[in-house]
Amino acid sequence: MNLAVNNQSLVLALGLVMIALAIGWKEKLGIDRDMIIGVVRAVIQLFVVGYLLKYVFRIANIWLTAILIFIIIFNAGYNAKQRSGGIPKALPISVGAILISTGVTLGVLMLAGAIKFIPSQMIPISGMIASNSMVAIGLCYRNLNAQFKQERQAVLEKLALGADLKDASRDIVRASIKTGMQPTIDSAKTVGIVSLPGMMSGLIFAGVDPVRAIKYQIMVTFMLMSATSIGSVLACYWAYRGFYNERKQLQVPSN
Amino acid sequence: MVCNDFYAEGALIVSLLTLENVGYQVGQQQILRGISLAIDAGEWVTFAGPSGGGKSTLARIIASLLSRTSGELTFDGQPIDSYDPIAYRRRVSYSFQQPTLFGETVRDNLAFPYQIRQLPFDSQRAITALEYVGLAGADLDKAVIDLSGGQRQRVALLRNVMIYPEVLILDEVTAGLDAENKAFVWSLIDHFNQEDGITILTITHDQSEITAAKRLVTVVDGQIVPGGAS
């Protein structure tokens, strides 16, 4: 292990936050408070998680691992719901979509023998999958809201012609699924040539042979593709009905 | 009793559409109040009145794109709420003032009514219909962005009648068209009514269309003007 981050280097690295704060203050961006809250929260959350993970890894209990994975999934679902802009039932939809996308992806990885059900592998991988699924679902919600407003006339005309809700919403749902998956697809296209992503960088940092590290990164790329596609498809197909009332009339949710 | 119901040889003949005291309210704002009207099958009713008076809201309620907040609305003798809204809208079709054409080509639009009913597209019928409205059969694959305003309106109208509805609601479909296109679209509507027996409800501001109305209903401030319904 050739990592050399100690408390002193962390304090010195805080200087980087000062640069961001100075820019925010000079440009009057009004984000100083948010930035400070963000930094303080990040430090506290990461310290808590660090000690918690150390404990969980040490006792290696299946149930505790499962509970932690569910907490991660619920939090991801809750955060995705915050971006729903008032879409009805956004919390159960988000949690359900993240649960299934994470479950299927983890299941395939375990069946393939890529990971084992041990906390040091399951928890970080679940976090990566759930967070990517969360971002994808958030983008889906934003696009659904924007498109149902923008394409309101076309949706009304399709309904007026007797289209069912699925036919009236099909183009919007497809565009939203695409929007949710796009960042993962873009990042898969540029991985290695633009960015050396977290998993791979972390392993290289920790002294692992880069050729071995890329194999993990390939696995991560595959699993994120699966997670974001499953999450986006489920969330969009479950959420679009919230744009209609019980008489199958268009209603744009209020925020 | 506002219905045109009457007994013929002992059988009750019911109006196709009956509105009794229909109202529509958004928050504290009363958009429509006390609308009572009966429309028989095969009629052509013209709705006129100033902008913002509630004509389009009324039409959208009849088309089940909005729900009334008070009163009763029946279609074919049954309360509108007893119908599945999708099945109902296939029988009572609504055409908008400035229609949005779907997809990329005329075909995408004329095939839509078949697609949503999971029926095979009758391209021969589409070609005949296009020729009838003064477009060429080859225009079936024409890009919608290459159509003029009048052509767009004709394609949109055809989209509503590729599979005949029982009622066709036309919300200012001739507004913004030149005199030639306006006359053509009007003759087309007349054909749907006279030859195909479709019940027509039109909304218009056009004085010549109001003058030529077979039955005129004037809506002002959300109410039918006394004497404005004939």
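Residues numbered from 1 in each chain as written. Chains lettered and ligands numbered in written order. Predicted model: local features only at pLDDT ≥ 70, side-chain atom pairs only at ≥ 80, totals over all residues. Heavy atoms only, no water.

Participant: Which residues make up unusual backbone geometry, and what values do they have?
Facilitator: All names here are of chain A. In this structure, Lys28 takes a positive phi of about 50 degrees despite not being glycine. On the secondary structure map, Lys28 appears in the loop between α1 (7-26) and α2 (32-59). Positive phi, normally seen in glycine, also occurs at Lys248, with a value near 55 degrees. In this structure, Lys248 sits in the segment after α9 (210-239). (Helix = DSSP H or I, 4+ residues; strand = E, 2+ residues; numbered from the N terminus.)

Participant: So what's going on with the interface of chain A and chain B? Residues and values would help.
Facilitator: Taken residue by residue, the interface counts 16 residues in chain A and 26 residues in chain B. Between chain A and chain B, roughly 1,900 Å² of surface is buried when both sides are summed, and carbon and sulfur atoms account for 54% of that area. Together, A:Glu157, A:Leu161 and A:Arg247 form the three largest contributors to the area buried by chain A at its contact with chain B, with a combined 36%. Summed over the shared surface of chain A and chain B, the number is 2 salt bridges. (Contact = heavy atoms within 4.5 Å. Buried area = accessible area lost by both parts, 1.4 Å probe. Salt bridge = Lys/Arg side-chain N within 4 Å of Asp/Glu carboxyl O.)

Participant: Give a detailed account of helix α5 (residues 149-161) of chain B, specifying residues and quantitative values.
Facilitator: Taking 1.5 Å as the rise per residue, α5(B) with 13 residues should run 18 Å; its terminal C-alpha atoms sit 19 Å apart, in good agreement. Among the 13 residues of α5(B), 10 are classified as buried, and the element is accordingly described as predominantly covered. Buried-residue contacts for α5(B) involve α6 (152-160) of chain A together with β8 (92-95), α3 (106-116), α4 (123-132), β9 (167-171) and α6 (179-194) of chain B. (Expected span 1.5 Å × (residues − 1). Buried < 20%, exposed > 50% of the residue type's maximum accessible area, 1.4 Å probe, protein only.)

Participant: Describe the sheet that holds strand β6 (residues 70-75) of chain B, listing the residues and the values that go with them.
Facilitator: Residue and element names in this part refer to chain B. Read from one edge of the open sheet, 4 strands run β4-β3-β6-β7, paired in antiparallel fashion. Single-partner strands in this sheet number two, and they are β4 (29-39) and β7 (78-79). Judged from the 7 bridges that link them, strand β3 (residues 17-26) and β4 form a sheet pairing that is antiparallel. Within β4, the position partnered with Leu17 by the bridge is Ile39. In the packing of helix α1 (residues 55-62) onto the sheet, the strands contacted are β3, β4 and β6, and the crossing angle to β3 comes to about 120 degrees. (Pairing = 2+ DSSP bridges. Axes fitted to C-alpha atoms, helices over the stretch in contact; angles between N-to-C directions.)

Participant: Describe in detail the nonpolar core, supporting the description with residues and values.
Facilitator: Grouped together as the largest cluster of nonpolar side chains are 82 residues, with contacts concentrated most on A:Tyr141, A:Tyr244 and B:Phe47. For this core, the element with the highest residue contribution is helix α5 (residues 119-150) of chain A, accounting for 10 residues. If near-sequence neighbours (up to four positions away) are discounted, B:Phe47 is found in contact with B:Leu37, B:Ile39, B:Lys55, B:Leu58, B:Leu201, B:Thr202, B:Ile203, B:Thr204, B:Val217 and B:Val219. B:Leu101, B:Tyr114, B:Leu147 and B:Val185 belong to the second largest nonpolar core, which has 30 residues in total. (Core = buried A, V, L, I, M, F, W, Y, C linked by side-chain atoms within 4.5 Å.)

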